[in-house]
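Residue-level structural notes
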Amino acid sequence: MLLTWLWLAPALAMIVVWAMPSRGLARGTALLFSLGLFAYSLWLLAPYSEGLLHLEELGVAGPLGIRYRLSVDGIALSLCWLSALLTVLSLAASWKADVPNAFWASFLGLEAALMGVFCARDLFYFYLFWDIALIPMFFIIGLWGSSGRRKASLKFVLYTFLGSLSLLIGLLALVTLHHQATGVWTWDMSALEKTPIAGRAALWTYAALALGFAVKIPVFPLHNWLPDAHTEAPAAGSVMLAGSMLKMGLFGFLRVLLPVFPDLSAAALPVLGGLGVVNILYGALCAMAQSDLKRLVAFTSVSHLGFCLVGLFSLTAAGIAGASLQMLNHGLSTGGLFLLVGMLYERAHRRGLNDFGELASRTPIFAFFFAFILLSSIGLPGLNGFVGETMCLAGMAKASLPLTALGLIGTVLAAAYGLPAFQAVFWAPAGPGSASPGLADLDLRERLILWTLVALILWLGLYPRPMLELLEPAASALAQR
Amino acid sequence: MQTAALVLFAAPVSALLLGFFVFRRWRPEKTHWPMLLSCAAVTAASLWMCVRIHDGFIPDNVWELPVYRWACAGSFVLEFGLRVDGLSAAVLGMVSLVSTLIHLYAVGYMAEDRSFNRFFLYFHFFFLSMVGLLVADNYLQMYVFWEGVGLASFLLIGFWYEKASARAAAWKAFLTNRIGDLGFMLAVFLLLSSLGTVRFTDVFARLGDLPHGTLYAVAFLLFMGAAAKSAQFPLHVWLPDAMEGPTPVSALMHAATMVTAGVFLMARSMPLLREVPGVLAMIALVGLMTSLGAAAVAATRKDLKRVLAYSTVSQLGLMMVAIGTGNLFGAVFHLITHGFFKALLFLCAGSVIHALHESLNGAPTASVDDAGGLARKLPVTFGAFLIGALALSGIPPLAGFFSKDNILEGVHATGSLGLYLLSLLVAAGSSVYIFRLLFLAFLGERPEQRGPKAHAHEPGFRMKVPILALAVFSAAAGTLGEPLAKMLGAAAPHLDLSISFAALGAAAAGILLAWWAAMRRPSFDWKWRRAQPELERILDDDFGWQSFTAACAGRVAAFSRRLSDSWEKRSWDPFTESLADTAVGLGENLTLLSRGALNEYLWWIVVGASVLAGAVTLCF
Amino acid sequence: MNALTPVPLSLLAPEIAVTLALAAALAVGMKSRPSNGLLARAFGALGVLAGLILFFWGPAYSDTWLLRSGGVARAWQVFFHLAALFFLAAHEARGERPVALLLGALLGMDLLAAANDLFALFIGLELMSLPLYLLVYGLRPDKRKLEAAVKYFFTGGAASGLFLFGLSVWYAETGTTALAPGGLPSPGTSLALALMGSAALFKIGAVPFHFWLPDVYEASEPELSAFMSTAVKAAGVLLLMLLSIGHSSFDPLGGSGAAFPNLGAWLPAVSAATMTYGNLMALRQRSVRRLLAFSSIAHAGVLLAALWVWQDGGHGTELSTLWFYLGAYLFMNTGAFLFLALSGISEVEQLKGYGARAPWPAAFFALMLFSLGGVPPTAGFLAKFYVIWDLLKGSGAWLAAAVALNSLLGLGYYLSLVRTMTLDEPGPRTPDGSFCPSAAAGLVLLLCAAASLLGFIPEAREWLFTLLTL
């Protein structure tokens, strides 16, 4: 029952928090609960290392082959930590927002769905949590977003729902074909591994599943829901959306596609690996041309997840471990950037690059944190971004050199979008209508949030080995080269 | 050796932490104390290491210490470790010595700057990264500190960030370095994927089983990284603009230490480069082309620090020529001596700028128009500058002569006359531009040099000591030849008289030419500039290369804007949103089927039934 | 089993209970003017409940030439009775006339379920339709209700005419009016079945025959629309199913050697057309009732797909998919229409910002909409999930894709309703949020909400199947 509590507790807490009489009480309980859940998820490492969490089943498999199965491997556990941590940080960051209980409740609901996705081992429940996560996000963007939230929220849900439908058809086709090939109805991921399905049907199923996951990552052509969703979502919403929701797509590749269709995934290297590189370059190039800070950060996350895709489809142990580590890094650094932009927006209600100036002298602490997390995001060695990117590209170097070289151009473009933005906001002199005069520097709460992020970034950057040892077994199980 | 290595890292890190957490809040103006102490400690440790290695206490001059395993994934394992051998100890010695002196100088130079603390934090972060780079035991660890140095140069060039030119220069430096790092990183990936390791010892031991193509690619890519950092031909555009930073920064980073990191990388991967003679030849050619071009431009610049910057590019080109001709000892020796006298020249330029401070109203660099006839007012600086100039142009007793002569011997040994003659031309060129600067700045005021110089005065004591120390080192560095050769395990240098005389002749000719141009016809400099403005513009634009690179960057930015606006914002995004509108549109047309009249309903029912019946019976 | 053997009364136990309730309701009306509507509804509910219990607990499977009891076809009664119960619970109008009319319609549906002969089918069909025309006309008629009732009457009459025409062709061809002779299907019988099938399609609201549906659902009382969109649609599906399987010896597990394969050949085309038409039209509606009407057309399309899979695949369990879809649809659609009835909302404008005024009813309506849209934790998703799965099992992959795409279209307008309700500020025409359901209506709402949250249990379909085939 250990893993069930991981998603059930936040679901129950959601209802409790929603029904709370006063807003302060709701806010307090939500934050305390999320802290508790984060501690619990960390504590799970002990039973995990004793192998207790490999399978947790309830009830009996009905004629449909569906059964309530949960299991966690290294990568899933790390993603649970990431979601729990980001929930704590985003709730703490929006402490001063005057929002009803439903705001805090939807974050807990979102966390429950995310934990469900990362722990699910049965494809039915995986899909169930996959879609449930959409609803709280719809309300978070819709109710508490900024001006264009109406359109962005509906666009986000419909676009992602298209992906989910393709995923649904893919899953059903997979199970049916598996039944035709082996005569067994099963939805268990490990039972479906290396399924004997072959030929065109397998290709179509793979395409449907890949499309479903690709919309979520997002992969290049299907990405344009991301900038709108991010610019309109509240800061905390963007942190959760970028921090953990985008990882559901990659986790899907990792947990469903790679083990079930190993040979097709190997054959898909030029297509999906290539799309990963396109993601890197496209995201970086678009980020260079943005004038709104939040849209810029949104496009950087497109670029970072391109690295994960490249790492994943190199099908080497290094690549896959690098991709999982890059998922965590992206959660920390892009989540941090969104928190910072949120704090800036909270003070100045403006997000334009040229709306600010000489913030380095007016708000030095804010400048330090922004510089630090931005450097980690553009992959400065010694910080976590570099570790993830290096391992993804090192993995891909074994698979195909041209993709590695193109991916590396992404790191150059990263400097091209990161530093000018930093210079425009912090170094350039304040223009006539700029919002810099009178900006207050960070208070203790915000500094505390950012110090945790900085500490994690430094730890993962300088000594990533313990985390890699956690991710290693799951990665080398999938590796083929 | 263990403790020395520990001090190498512990001292700068603790100084930085102290500076950031303690001094920043309570004593910002005293931040330089922990920094100076840590510099002294590191200098002592590195000199001690040089002595240990020189006296042969370390087996075959290589001392390695694996520190910790950084990351392990699948087939390859990435470990952090230290490696101190003859090469790194020597360069480390020079770097730490010069850094200590320039730290001392900076205390005086930056005394009245309001963000004194921030300056020393960045300055010492650079020092830490440089030390880390020199003692890395594998390519990846070297890359980590390599980018650390790049970041430090970004922060320090853009130290006075109020000025747009400083911001642009900082960003340009970081981006060009990042382009070079792209090559470096690709080489690392090539090695990782083919050998599974990037440790120097393992890589050089297993060079045999690398296919020739990969070897060739790795060598070229490593040179690409080195070219960016050491400002060689295609990627040298950032160094002249880097003069926007404060003079101690220019002195330390863009003259003595950081720019030599590229040469150090080449020296470090010498065993690998020796396997691919083609790349060596290419390196020599690029080095020669860079040094010739830079010398030409340096001889015509008016701005003091720009002349010295181009002179650095030229000297680095010379070192690359040495590497290209396989003369590792020559390159390293010149690297060390150049570190001393170029730092000296920059510090003198710094004190000139400091002296003319009021008239320059805060500009980081001074032009020849403002200087002129300063010898009387700044005798000590003039003397030091003279020693530096003599060392640079390679006049015998001073350091430059020995190292440059060794390079020329190496070039001569390769037998290609053209290369030798062009190297002699470079030697002559270096004496031309440095002495032209000397005569224009210090001797004889010309009508065009009307800048107010009444208040010019010698810099304070704290700035004079490093200048004098460096003057002594520039003079005495020549004697370092034998110990360095012993540490590197190379053959002891011997002076081939014919080549030394040729080099001396070239230097003398250069000095005479400079004297004729600057003293005999005092305003020759201004006259030809007015006569051929076209030539001036080309030379100022670095043979058109600066504007070319700016155009490329502009084109990439334009492409990204077009991609983000016309594709993302105006065609792809609206297209996906229009899918929803088409659905609603379809709904609109469907309403035309019937306007709600009863007879239409009945009509449809009959039609439906008959179509159905027809379909069923006909296709039966 | 010839036409003359007497029909034992025990077969008609449920129908008798409903008739008694009808009589009691009319008696209440005669006693005093204005009649006590509550008492009439109580009697009605009692009769319907009795019918329900008798179904579960009633006589074993046996069939005569005219009627039969037990067996899978009777299972439809559960849906009819439940829908009737929901209507009675929600309908507060005075007077006993609507109750009596409803019970009459219910009687017709039961007959339909029990019919073993084409005549019995026709009688059931007519007995079901006629009271509905009057119910649509309702107690407080206005111009719109009158127009809708007249339209419904004429188109209903045309459909019945088609059915009779088909019946006569069938009799001419096979010589008997029994549901299905043993003979090989011939062009004549297929023509007959096609005509009768189009009457069934009219009742379901499939595309070429659907035009009456939006006007009627928009004009009639929401609880009546709920009843019509669930019970009458189920009756239509039952009719189509009986026609397509043809033979009378209908084994309880619903196994169907489809005697009439090519009736099914056109079914996927009609289903896809219905789905797409319903969703596309619903996208642009400004009236919530009309939107729900088109959504019921869309769901009818999916129902046809489920029917086609059962008929095409010949597997026993696919029928359970059909039933589960019907059951889920019964609860979510009744819930949605009941919300409209109780909150007095009919225009989308009125929904603007309703969440701020009445959060819990808005949450309930949002849950119904999510369920209709097929968003996972709800029963609607599970129903769609089973249909797509069965389609993929069989050879209907393209239809599965069509169902999926249509559910996306559906989510488009369902979510925009939710968005208007929760994200916008209350407009001038937003009602003041007074939402006070009576005890019975409240119970129904709770039942609908509970049923909609069934999405977590994947075996729900199996449980329903075992329940209905006790």
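Described below are features of the structure shown in this document. (Residues numbered from 1 in each chain as written. Chains lettered and ligands numbered in written order. Predicted model: local features only at pLDDT ≥ 70, side-chain atom pairs only at ≥ 80, totals over all residues. Heavy atoms only, no water.)

All right, on to the pairing of strand 2 (residues 76–85) of chain B then. Each regular strand displays side chains that alternate between the two surfaces of the sheet. Residue and element names in this part refer to chain B. For strand 2, the buried fraction is high: eight of the ten residues fall into the buried class. In this structure, strand 1 (residues 62–73) lies alongside strand 2, joined through ten bridges in antiparallel fashion. Paired with E64 across the strands is R83, a residue of strand 2. A loop of two residues connects strand 1 with strand 2, the two strands running antiparallel in sequence, and G74 in this loop sits at a positive phi of about 55°. (Buried < 20%, exposed > 50% of the residue type's maximum accessible area, 1.4 Å probe, protein only. Helix = DSSP H or I, 4+ residues; strand = E, 2+ residues; numbered from the N terminus. Pairing = 2+ DSSP bridges.)

What follows deals with the environment of L369 of chain C. All names here are of chain C. As for its position among the elements, L369 is in helix 15 (residues 359–373). For L369, a relative accessible area of 0% corresponds to the buried category. Residues L369 and L415, 46 residues apart in the sequence, show an inter-C-alpha distance of 7.5 Å. The residues touching L369, leaving out its near neighbours within four places in the chain, are Y414, L417 and V418. (Contact = heavy atoms within 4.5 Å.)

Let's shift gears to the pattern of salt bridges. For the structure on display, the rule yields 46 salt bridges over all chains. For D228 of chain A, the salt bridge goes to R295 of chain A, with nearest N and O atoms at 3.3 Å. With a gap of 67 residues between them, D228 of chain A in helix 11 (residues 225–232) and R295 of chain A in helix 15 (residues 293–313) connect regions that are remote in the sequence. Each member of the pair, D228 of chain A as well as R295 of chain A, is classed as buried. Residue K151 of chain C pairs with D215 of chain C through a salt bridge whose shortest N-O separation is 2.9 Å. Here K151 of chain C is found in helix 6 (residues 143–174), whereas its partner D215 of chain C is found in helix 8 (residues 212–219), with 64 residues between them in sequence. It is possible to trace a salt-bridge network through shared partners that takes in E64, R83, D85, D137, R199, D202 and R268 of chain B. (Salt bridge = Lys/Arg side-chain N within 4 Å of Asp/Glu carboxyl O.)

Side chains that are three or four residues apart share a direction in an α-helix, a result of its 3.6 residues per turn. Residues and elements named next belong to chain C. In this model, helix 5 (residues 118–137) (20 residues) spans 29 Å end to end at C-alpha, consistent with the 28 Å of a helix rising 1.5 Å per residue. Among the 20 residues that make up helix 5, 14 are buried, leaving the element largely enclosed by the rest of the structure. For helix 5, the N-terminal cap is D117; the gap from its side-chain oxygen to the backbone nitrogen of F119 is 2.7 Å. At the C-terminal side of helix 5, G138 shows a positive phi close to 65°. (Expected span 1.5 Å × (residues − 1). Polar contact = N/O pair within 3.5 Å; in protein donor to acceptor, adjacent residues only side chain to side chain.)

Contacts between the two partners involve 61 residues from chain A, matched on the other side by 49 residues from chain B. Roughly 4,600 Å² of surface becomes buried between chain A and chain B when both sides are summed, with 72% attributable to carbon and sulfur atoms. Contact with chain B buries surface across chain A, with L408, V412 and W427 of chain A losing the most and accounting together for 14% of the total. Here chain A is connected to chain B by three salt bridges. K155 of chain A is the salt-bridge partner of D573 of chain B, the closest N and O atoms lying 2.6 Å from each other. Our count for the contact surface shared by chain A and chain B stands at 18 residue pairs in polar contact (both at pLDDT 80 or more). (Buried area = accessible area lost by both parts, 1.4 Å probe.)

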